[in-house]
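Now for the letters of each chain:
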Amino acid sequence: MLKIEKYGAVDIGSNAIRLLVATVIEQKGKDTLFKKTSLVRVPIRLGTDVFMTGKISLKNAARMIDAMNAFRLLMNTHNVTRYKACATSAMREAGNGAEIAEIIEQKTGIKINIIDGDDEATIIASTDLKSLIQKDRVFLYVDVGGGSTELTVFANGHKVDSHSFKIGTVRLLNDMVEETKWQEMEEWIKEKTKPYKKVEVIGSGGNINSIFKNSGKKAGSALSYFYLVSFYELIKSYTQDERIVEMDMNPDRADVIVPATRIYLSAMKWSHSKNIYVPKIGLSDGIIKSLYNEKLEEITLQK
């Protein structure tokens, strides 16, 4: 007999806000299945507000309230039994972030957890990567967001270390990343991957998913470093309008795709990685997994 529930994950990022509804299927004697049922993305781009002015504007605060009300209605319609909303770089750096979160909870009933960079990296790393992270391989996991990049090193099937860097696509678009930040990330990647002969990269985030889709490769295949270099040169040669029309990109993807590709390429270069795998996972998937783990802990405590 299968036990089926639906969970909701709200990811409030610096570029976009997402709602993932996942169906959690428990099977007796077998691994629990996590099936993506619905994904809604709203490109509010809080990072432009926060990284430029230090605050979330009243206009975007109102848009967030509308989005959260819509997400709550969608979760009700899906009969979601558990949910969690997590806000990352933009909201945690906004001078009025906590205040806006409080107003949103009052207006919509949705409580927002403003998480730090390390928590973000830990949640992302909790996603189900069993099919990729094998005991005889070493991976650098790179999640690129609008405000930050989360890095995790996996070796021998286990997490070795993780770190969050304030290098994100929206920050880069607004020329708000100092050279010292790039140097810090380079030093961290080189130090953490130096003990290993061969390192491969796992990429997550909307931009790398878009790049993979553009490649036409089959799910599970890797993109080579050389493919990413040629893609980077191609998109840089296009204007933003040309990327929207010629490459069929959404307007809010057509600008951030350039700095995102630069981040992935840098991570591959500094880790001497020849391939990047794109399993289509991110913070929202990690939130779903953490909700399930919390449920298991509750059951254990009740026994």
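Above: the structure in question.
Residue positions are counted from 1 within each chain, in the order its sequence is given. Local features are withheld for residues below a pLDDT of 70 in this predicted model, meaning they are given only at 70 or higher, and side-chain atom pairs are given and counted only at 80 or more; totals for whole chains, interfaces and linings count all residues. In computing side-chain properties, one takes all heavy atoms of the structure into account and sets aside hydrogens as well as water.

1. Some points on the pairing of strand β3 (residues 33–42)
Piece 1. When DSSP finds at least two bridges between two strands, those strands are taken to pair. Runs of H or I in DSSP of at least four residues are treated as helices and runs of E of at least two as strands, each being numbered from the N terminus. As defined by bridge partners, strand β2 (residues 17–26) adjoins β3 across 9 bridges and the pair is classed as antiparallel. Along β3, the bridge assignment pairs V21 with S38.

2. Considering the sheet that holds strand β4 (residues 82–87)
Within a beta sheet, neighbouring strands are joined by backbone hydrogen bonds and run either parallel or antiparallel to one another.
Piece 1. The strand order across the open sheet built from 5 strands is β3-β2-β1-β4-β5, with neighbouring strands paired in mixed fashion. Strand pairing shows two members of the sheet lacking a second neighbour, β3 and β5 (112–114), which therefore form its edges. When strand polarity is set aside, the average angle formed by the axes of neighbouring strands in this sheet is 25 degrees.
Piece 2. Alignment of β4 against β5, held across 3 bridges, turns out to be parallel. Paired with A85 across the strands is I112, a residue of β5.
Piece 3. Here a residue-residue contact requires only that any non-hydrogen atoms of the pair lie within 4.5 Å. Helix axes are fitted to C-alpha atoms over the stretch in contact, other axes to C-alpha atoms as well, and angles between N-to-C directions run from 0 to 180 degrees. Where helix α2 (residues 58–77) meets the sheet, it contacts β1 (3–12), β2, β3 and β4, and its direction lies at approximately 20 degrees from that of β2.
Piece 4. On top of the sheet, helix α13 (residues 283–302) reaches β1, β2, β3 and β4; it is set at about 130 degrees to β1, its chief contact.

3. What to know about the sheet that holds strand β8 (residues 158–165)
Piece 1. Judged by pairing direction, the sheet is mixed, and its 6 strands sit side by side in the order β8-β7-β6-β9-β11-β10 without closing on themselves. The open sheet has two edge strands with one neighbour each: β8 and β10 (222–224). Taking the axes of each pair of neighbouring strands and ignoring which way they run, one obtains an average angle of 25 degrees across the sheet.
Piece 2. One ladder, built from 5 bridges, connects strand β6 (residues 138–144) with strand β9 (residues 200–204); its direction is parallel. Looking at β9, one finds that Y141 is bridged to I202.

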